Amino acid sequence: MQPGSRPFWMTAALGAGLIAVSLGAGFAAFLLAIFATNQIHFWAHAERRPPLVARLQRRGLILSPRHHANHHQPGYASTYCITSGWMNGVMDSQRLWDGCERIVAALGVPRALDEESLQEEP
Ligand SMILES: [Zn+2]
């Protein structure tokens, strides 16, 4: 071993530690994004919301109740984006949500909110 160089095991341990920290940080960011998305969706339904949130909704930076109301119209197969809604136009015009629903249906998950199921009596 040359003077000043580290043994291999130390370099490997350092690398493994960096990978573990990076994965942990990435997972934490993922969880935070899930939380934020759910909170933004909640605010799109809430009758009362903090003034800052209402301002962000009015400016279109986060999902507004008005925009999100389109998703809850009969058919229930459009405007699925629940964070900002910015991608809904593209996703809807290209029928990408429909494609996603077909993939999920092919995996055996029923399309619970299709027109027929909405008209069935309980
Ligand atoms: Zn909703």
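Residues numbered from 1 in each chain as written. Predicted model: local features only at pLDDT ≥ 70, side-chain atom pairs only at ≥ 80, totals over all residues.

1. Things to note about the overall build of the chain
A count of helices and strands for the chain gives 6 helices and 0 strands. Sequence-ordered secondary structure for the chain, helices as α and strands as β, is α-α-α-α-α-α. Taking 14 Å as the expected radius of gyration for a compact globule of 122 residues, we find that the chain reaches 23 Å, considerably beyond that expectation. Principal axes of the C-alpha set define a box for the chain whose edges measure 80 × 45 × 30 Å. Residues classed as buried in the chain amount to 10% of the 122 residues present. Restricting the contact set of the chain to residue pairs at least 6 apart, pairs at least 24 apart contribute 18%. (Helix = DSSP H or I, 4+ residues; strand = E, 2+ residues; numbered from the N terminus. Rg over C-alpha atoms; globule rule 2.2 N^0.38 Å. Buried ≥ 20, exposed ≤ 12 C-beta atoms within 10 Å, placed from the backbone. Contact = placed C-beta atoms within 7 Å.)

2. A few points about unusual backbone geometry
Although it is not a glycine, threonine 79 sits at a positive phi angle of roughly 45°. Tracing the sequence through the fold places threonine 79 in the loop between helix H3 (65–69) and helix H4 (88–93). Given 21 C-beta atoms within a 10 Å radius, threonine 79 is considered buried. At arginine 95, a position not held by glycine, the phi torsion is positive, near 60°.

3. A look at the confidence of the model for the chain
Looking at the chain, the pLDDT average stands at 88 and 90% of residues meet or exceed 70. Here helix H6 (residues 115–119) is the element of the chain with the lowest mean pLDDT, 53, and helix H2 (residues 51–58) is the one with the highest, 97. (pLDDT = per-residue confidence, 0-100.)

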